[in-house]
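Inside the fold
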Amino acid sequence: MSRLPRPDAVLFDWDSTLVDNWGGIAKAMSITFTEYGLDPWSEDQVRANAKHSMRDSFPKLFGARWEDASKLFYDSFAAVHLDTLRPLPGSAELLDALTAEGVPMGVVSNKTGTYLRLEADHLGWTRYFHRLVGAQDAA
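Residues numbered from 1 in each chain as written. Predicted model: local features only at pLDDT ≥ 70, side-chain atom pairs only at ≥ 80, totals over all residues. Heavy atoms only, no water.

Structural notes on the side chain of Thr84
For Thr84, the location among the structural elements is in helix α4 (residues 66-84). Separated by 3.4 Å, the side chain of Thr84 and the backbone oxygen of His81 make a polar contact. If we skip the residues at most four places from it in the chain, Thr84 touches Asp20, Asn21, Gly23, Gly24 and Lys27. (Helix = DSSP H or I, 4+ residues; strand = E, 2+ residues; numbered from the N terminus. Polar contact = N/O pair within 3.5 Å; in protein donor to acceptor, adjacent residues only side chain to side chain. Contact = heavy atoms within 4.5 Å.)

Description of the pattern of salt bridges
Inspection of the entire model under this criterion finds 7 salt bridges. For the salt bridge of Glu101 with Arg3, the shortest nitrogen-to-oxygen distance reads 3.2 Å. Taken together, the residues span a long stretch of sequence, with Glu101 in the loop between α5 (91-100) and β4 (105-112) and Arg3 in the segment before β1 (10-12) at a distance of 98 residues. With relative accessibility at 65%, the residue Arg3 sits in the exposed group. The residue Lys111 makes a salt bridge to Asp15 at a minimum N-O spacing of 3.0 Å. One end of the pair, Lys111, is in strand β4; the other, Asp15, is in the loop between β1 and β2 (19-20), and 96 residues separate them in sequence. (Salt bridge = Lys/Arg side-chain N within 4 Å of Asp/Glu carboxyl O. Buried < 20%, exposed > 50% of the residue type's maximum accessible area, 1.4 Å probe, protein only.)

Concerning the sheet that holds strand β5 (residues 131-135)
Pairing in this open sheet of 3 strands is parallel, and the strands run β1-β4-β5 from one edge to the other. Edge strands, defined here as strands with exactly one partner in the open sheet, are β1 and β5. The average angle at which neighbouring strand axes cross in this sheet is 20 degrees, direction not considered. Here α5 sits on the sheet in contact with β1 and β4, set at roughly 160 degrees to β1. (Pairing = 2+ DSSP bridges. Axes fitted to C-alpha atoms, helices over the stretch in contact; angles between N-to-C directions.)

Notes on the packing of helix α1 (residues 22-35) against α4
Relative to each other, α1 and α4 sit at 145 degrees, their axes nearing to 8 Å. Both α1 and α4 take part in a crossing whose hand is right-handed. Between α1 and α4, the contacting residues are Gly23, Gly24, Ile25, Lys27, Ala28, Met29, Ile31, Thr32 and Glu35 on the first element and Ala69, Leu72, Phe73, Ser76, Phe77, Val80 and Thr84 on the second. For the contact of α1 with α4, the residue count by class is 9 nonpolar, 5 polar and 2 charged. (Left-handed = near helix turned anticlockwise from the far one by under 90°. Nonpolar A, V, L, I, M, F, W, Y, C, P; charged D, E, K, R; others polar.)

Spelled out as structure tokens, the structure:
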């Protein structure tokens, strides 16, 4: 069997590529829904329904109060995201293997950069990446 050529670099997405953070999203959504008198969604429902940006989905869910609901969501997510963060199976081994091969790596994510870097630090993974770039990090 032939070996694939060594890449010059690898850029990863973060959520649902290297890690699973649906538990934190589901908890934050549950807190937000409950505060606004809505029935909370299960994690499976959150996964199925979270297909659009907050800017597009929250006005439909919370009406005129969507900006306040988004603040509550983010405050709630900040409180739980590190506790619910889980590496996807094989992701740590992949990062180790690429590091052993000397392949430079980075992350480009639509997750807010502050959360992205906190999560990488929490997992002890910051050392793998030359750059971790998230939402609001670049113009």
